Structure formats: structure tokens, C-alpha cells
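Coordinate inspection notes
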Amino acid sequence: MFELAPRLLAVLDGGDPVVVATAVDVTGSAPSGAGTSMALLPDGQVVGTISGGCIEGSLFLTAEEVMSTGEPVLERFGFEDPADAVWAPGLRCGGRVEVLVHRIDPSDRVVVRALRAAAAGDPVSMGLSLEPDTLAVADRCDGRVFTEHADVRARCIVVGAVEFAVAVTNTAAMLGHAVTVVDPRPVFLTDERFPAARERIVGWPPRVLADLPIDERTAVVLLSHDDRFDAAVIDLALRRGAGYVGAMGSRATHARRLSALHELGTPDLDRLRSPIGLDIGATTPAEMAISIMAEVIAVRTGASGRPLVDGAGPIHAPAFRGPARAAVGDRAETPS
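Below, the structure is looked at part by part. Note that the structure is a prediction, hence the values are computed from the model and not measured. (Residues numbered from 1 in each chain as written. Predicted model: local features only at pLDDT ≥ 70, side-chain atom pairs only at ≥ 80, totals over all residues. Heavy atoms only, no water.)

Assigned secondary structure in the protein chain consists of 8 helices and 17 strands. Carbon and sulfur atoms make up 53% of the accessible area of the protein chain, which amounts to about 16300 Å² in all. (Helix = DSSP H or I, 4+ residues; strand = E, 2+ residues; numbered from the N terminus. Areas by Shrake-Rupley, 256 points an atom, 1.4 Å probe, with all protein chains shown as cover.)

Set out below in C-alpha cells:
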């Protein structure tokens, strides 16, 4: 449920409860992994999804009941016999999933504290007891426990406050990245143009990036087309181990940058994605943002980026790749 933290906190901070349905155990093929959630808000609105539509209708009815009673429910979906699919909601892809449906009240300090940490991008974990008589969130849980983890939010550093950067920032933020936009020109780097950015830093990009945290979970997206600092930004990002380094520009621009990077002795040039993005025929800023962020995801997951229709085998990877990780074990504790 941590991926829904901002939406849930907006309701809880207003004094109203929410009901969250979280996938706590997934077996076989399924659209999403353990830890993904949907939530029912007091006005009847639903946010988030677990199966992409297969079981949401049934979960909506259960969530309405839990909103009224406050009693948590552990639902199970999946079929022993394919013929059962005619009569019951389930995963048409053949997987099995257990879903914990429980109400969160504004007074649930343990959960609210964990949600605030996740919304801020801080690492956090929380245990949910799945025992029939104690389905609940608790400071200590014994027996069968689902433990949800949220890692530090992946960072996306966008260099160059051009129009393409506005679209990339919006898309990256929607995907859960903590976005920092860097540009030396304050007239272009404004709150109005970049409302989705977590940080807007006016300064000389190489100097700014030297002071920012960069690791394998960081994507550096260079959109500036400025020969004065583009090569220095790429060199710094690759040397510091950014997980994704991409630069916008023509093939001629790329060749010019490569020459400058060779002079700098830049390592790992094979990791530089330039021209940037996947080839989807993108032309508008919004389409380019999708192309770029799709490549960021593909690099992070090691996926090929080819059409799924050209592949074979399971569509969904067995490991959950969203903003939270999850596991079912014997014991877990919530954070202090």
C-alpha cells in the first residue's frame, strides 16, 4: 500500500478512514506482485489496482463491508479447476493471490507513521498479521505475517529546464521517482513550470550534480544541449555509478559528445544511452517522455524493450518491481 501513501494520507489527515486491499501472497502469473494495493475512499472512489480488473469488482464489495464493520478480511482468488472461472472472480491469467482488506483509521498511529515515511521517500517496513483471529496491523506480530517494505524512492535528475524536461519530470514523478531538475537559468526553472519536481536547483549542472546523491537507483536525464557542460555532466554521472545515464541529441551531437568524453577519459561509455529513449516514433514532449522513461525502466529491470507479442513464456516477471517489496514470513515488526 506504500505506493498509495500520498492519496491515503490526504484522506487520513482530513479525519476520515480508508480501506486498503493489499496483495499479500501471489503465486503464478499475475499482473502485479505482492505489496500492490487498491484503496476505497470514503466518497466511494477507488484508487490503485491489484489485478488490472480481474478481481477489483469483488474486492470493492468486500471493501465496502470492511469500511462499515472495521473487521479485516483475507480474500483468496484463483482456481483449482478452470471451469470455476465461469462462476467466481479470479485471475484469468491463471495465478493465485491472497488479498488482505483492512480499514485504516486516522488514529492508527503505526500505519500513519509508516505511510508518512513512505510518502517522504524514506525506507520503511511494516508487518501485518494474517492469522484468522488477529488480522491486523500491530507493533509486534506472531504467526503468519506479511511484511511490506518501501525502499528509498528512486531519484531522477533532469538536467536542462527545456519543454521536454517538463514532460519528463511529470512522467517520472508519476512513476514514483523523486525528481530533481537542474538548470543555470532561473527564468526557465520555476515552480509553475515544474510543479511535480521534488527539487528545483538553479546552478551550474556539474557543480550541482557533484553534491547530489547518485547511485544505481538514480537516473540522470540530460536534455540541455549545452556543449559547455553536457560532457562534464555525463562524465560525472557515469563515474558515480548512476543506474541510467541518457542524453538527448542527434547522432551528430552524440558523436561530438563522445569525442569530448574520450578526452576526459570517461569510463563505462557503453552505458550511455544516446540518442535517448526507445524507438516508438515519439515526436511531442509527452511522447518523448514516455520513450525516455520506458528506457529507464527497461535498463533498471534488464528487459529487452521489444514488443511482448514477439516474446514467449510468462508476461509478468515473478519478482515485484514496484516502489515496495513484500514477503510473507513467520515474524515481523513495524518500525519505531
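Side-chain pairing between opposite charges can occur once the charged atoms of the two side chains come close. Evaluation of the coordinates by the stated rule reveals 12 salt bridges. Between Arg200 and Asp191 there is a salt bridge whose closest N-O contact spans 2.7 Å. Arg239 is the salt-bridge partner of Asp235, the closest N and O atoms lying 2.9 Å from each other. Highlighted residues: Asp235 and Arg239, both in helix H6 (residues 230–239), separated by 4 residues, approximately one helical turn. Accessibility expressed as a relative area gives 12% for Asp235, which makes it buried. (Salt bridge = Lys/Arg side-chain N within 4 Å of Asp/Glu carboxyl O. Buried < 20%, exposed > 50% of the residue type's maximum accessible area, 1.4 Å probe, protein only.)

On to the sheet that holds strand E11 (residues 178–183), then. Pairing is parallel across the open sheet formed by 6 strands, whose spatial order is E12-E11-E10-E13-E14-E15. Every interior strand has two partners, whereas the edge strands, strand E12 (199–202) and strand E15 (272–273), have only one. Sheet topology note: the strand E10 (residues 155–159)/strand E13 (residues 218–222) ladder contains 5 bridges and is parallel. In the sheet register, Cys156 faces E13, and the bridge partner there is Ala219. Sheet strands touched by H6: E10, E13, strand E14 (244–247) and E15. Its angle to E13, the strand with the most contacts, is close to 170°. (Pairing = 2+ DSSP bridges. Contact = heavy atoms within 4.5 Å. Axes fitted to C-alpha atoms, helices over the stretch in contact; angles between N-to-C directions.)

Read from one edge of the open sheet, 5 strands run E3-E2-E1-E5-E4, paired in antiparallel fashion. Each of the sheet's edge strands pairs with one partner strand only, and the pair in question is strand E3 (46–48) and strand E4 (73–77). Across the sheet, the axes of successive neighbouring strands diverge by a mean angle of 20°, strand direction being ignored. Two strands pair when backbone bridges link them, and strand E1 (residues 18–27) and strand E5 (residues 96–104) are joined in this way by 9 bridges, in the antiparallel orientation. When the bridges of E5 are listed, Val20 appears paired with His102. Contacting E1, strand E2 (37–40), E3 and E5, helix H1 (residues 5–12) runs over the sheet at an angle of about 150° to E1.

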